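Now for the letters of each chain:
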Amino acid sequence: MNDKTLIAVWGSPSSGKTVTAVKLAQAFANRKQNVLLLCSDALCPSAATIAPKGSANHASLGELLSLPALSQDDILHYALPLDVSPHIALLGYKKGDNSFSYATYSRERAVDLLTLARHLADVVIVDCSSYLSADLLSVIALELADQVVRIHSCDLKSLMFFASYLPLLTDHRFRRSSVVPVLSKVKPEQDSNEYSQIFGGIDITLPHLVQIEQQVAAAQLLEDCSGKDAAAYLQGIHSLIHHLLPANQAAPPPKRTNSSGPSLSYFKNVLNRLLRTNRGDHS
């Protein structure tokens, strides 16, 4: 893996992609690595929820992508430094932006942005949109990433989303990256083992944490998690970091024979069984 690491965080809607991306950025920053956090989703801009004070008066990622030409100086100008850490900068869409706010950009522009970004930071983390059909930058990030953190959650919505996107994940364009499957926001009463089997194996489990819910609600996601309840979550982030570090900094994660998970037919059979169970149909 290149020393200038590009990580794409992607998964089902409401699975905790942005939270995971921010907490990863903080963990890398704590290791004194410079991080560029790029929030690519124009359908639901998240910059204002991550850094509400700074992003209000800062330029949008949409403006950057719309420039006639793109340079490293442009990225530095548009990136928002975060007061909480000298090692993290943020690029994202502003509050009020939508997918029609700016001119359509090309595939080449998205490639240029990510290529230039890799020369500016030790780690580039792209918080991808779930719906790839609506976000070209997320697609390119998944194609170019060294590592993809794929986020799942223990609910039927995540299962059905994964079933819909499973054929796409087998496309040769997305086979360059190593995939780290993560089960997120797991509550004590949820059967994480069964969901892990359905998703073809899970490397990291991140437990549900009320403290993070409160941070999201108060737009204070950049605050540290602390206390006894946060220990398991922080350990999960620590383990995830070691999966993502270059080989010369940590032992590599075990290789997967099939990074896209189980076959589509197997997945549909399990999904249908769960749906029948939820309806109370045991026939």
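Residues numbered from 1 in each chain as written. Predicted model: local features only at pLDDT ≥ 70, side-chain atom pairs only at ≥ 80, totals over all residues. Heavy atoms only, no water.

A. Fine view of the pairing of strand β2 (residues 35–39). β2 sits mainly inside the fold: five of its five residues count as buried. Neither face of β2 is open: one carries Val35, Leu37 and Cys39, the other Leu36 and Leu38, and all of them are buried. Direction of pairing for β2 relative to strand β4 (residues 85–92): parallel, over a ladder of five bridges. From the neighbouring strand, leucine 36 faces β4, where its bridge partner is alanine 89. Looking at chain direction, β2 and strand β5 (residues 123–127) are connected through five bridges and run parallel. When the sheet's bridge partners are listed, valine 35 is paired in β5 with valine 123. (Buried < 20%, exposed > 50% of the residue type's maximum accessible area, 1.4 Å probe, protein only. Helix = DSSP H or I, 4+ residues; strand = E, 2+ residues; numbered from the N terminus. Pairing = 2+ DSSP bridges.)

B. View of the packing of helix α1 (residues 17–30) against helix α11 (residues 231–244). For the pair α1 and α11, the least separation of the axes is 10 Å and the interaxial angle reads 75°. When the axes of α1 and α11 are compared, the pair comes out roughly perpendicular. Where α1 approaches α11, its residues Val19, Thr20, Lys23, Leu24, Ala27 and Phe28 are matched on the opposing element by Tyr233, Ile237, Leu240, Ile241 and Leu244. A per-class count over the contact of α1 with α11 returns nine nonpolar, one polar and one charged. (Axes fitted to C-alpha atoms, helices over the stretch in contact; angles between N-to-C directions. Parallel < 35°, antiparallel > 145°, perpendicular 65-115°, else oblique. Contact = heavy atoms within 4.5 Å. Nonpolar A, V, L, I, M, F, W, Y, C, P; charged D, E, K, R; others polar.)

C. Representation of the pattern of salt bridges within the structure. What the rule picks out here adds up to three salt bridges. Among the salt bridges present, the one from glutamate 143 reaches arginine 107, with a minimum N-O distance of 2.6 Å. With glutamate 143 in helix α7 (residues 136–144) and arginine 107 in helix α6 (residues 107–118), this residue pair connects regions lying 36 residues apart in the sequence. Among the residues examined, arginine 107 registers a relative accessible area of 38% and is labelled partly exposed. The shortest N-O distance in the salt bridge between arginine 118 and aspartate 146 comes to 2.8 Å. (Salt bridge = Lys/Arg side-chain N within 4 Å of Asp/Glu carboxyl O.)

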